[in-house]
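What follows is the residue order along each chain.
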Amino acid sequence: MADGSQLLRLEEYKVTNGPDLRVILTQSQNPEEAGQVTSPGHLELAKLKGNMGNQTYSIPDDADVSTFNSMVVFCKPFRVIFSVAPLE
């Protein structure tokens, strides 16, 4: 953003609904298991706002986004990946 803040924007997003879904940035390119999502260096942004539609999430100012390779929607209690998107 012009003020230096960083955002993650999901557009026309749709995912299966689930309990306690979180938006997480990971260093893994294409995580396939929970350990790759929650490994050291991940960044949990927030609870998923909804399972459909456009959404925006703030990224902390001190986060180095160049270290992240994917965004994951992750069910925290059951440690299940619901969705993965590469970051460009």
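See above for the structure.
Now for a quick tour of the structure. (Residues numbered from 1 in each chain as written. Predicted model: local features only at pLDDT ≥ 70, side-chain atom pairs only at ≥ 80, totals over all residues. Heavy atoms only, no water.)

**A short note on the overall build of the protein**
Point 1. If you tally the helices and strands in the protein, you get one helix and six strands.
Point 2. Secondary structure elements of the protein occur, N-terminal to C-terminal, as β-β-α-β-β-β-β.
Point 3. For 88 residues, the compact-globule estimate of 2.2 N^0.38 gives 12 Å, and the C-alpha radius of gyration of the protein, at 12 Å, lies within 12% of that figure.
Point 4. In terms of its C-alpha atoms, the protein occupies a principal-axis envelope of roughly 35 × 30 × 20 Å.
Point 5. Here the analysis covers contacts within the protein between residues at least 6 apart in sequence; of these, 67% occur between residues at least 24 apart. (Helix = DSSP H or I, 4+ residues; strand = E, 2+ residues; numbered from the N terminus. Rg over C-alpha atoms; globule rule 2.2 N^0.38 Å. Contact = heavy atoms within 4.5 Å.)

**Looking at the side chain of T26**
Point 1. Along the chain, T26 turns up in strand β2 (residues 21-26).
Point 2. Looking at T26, its side chain comes within polar contact range of the main-chain oxygen of S28, at 3.3 Å.
Point 3. Apart from the residues within four sequence positions on either side, T26 is in contact with P31, Q36, V37, F68, N69, S70 and V72. (Polar contact = N/O pair within 3.5 Å; in protein donor to acceptor, adjacent residues only side chain to side chain.)

**Examining the environment of L25**
Point 1. Relative to the assigned elements, L25 resides in strand β2.
Point 2. We classify L25 as buried; its relative accessible area is 2%.
Point 3. Separated by 50 residues in the primary sequence, L25 and C75 have C-alpha atoms spaced 14 Å apart.
Point 4. The contacts of L25, once residues within four sequence positions are left out, are L8, H42, L43, L45, I59, F68, S70, M71 and L87. (Buried < 20%, exposed > 50% of the residue type's maximum accessible area, 1.4 Å probe, protein only.)

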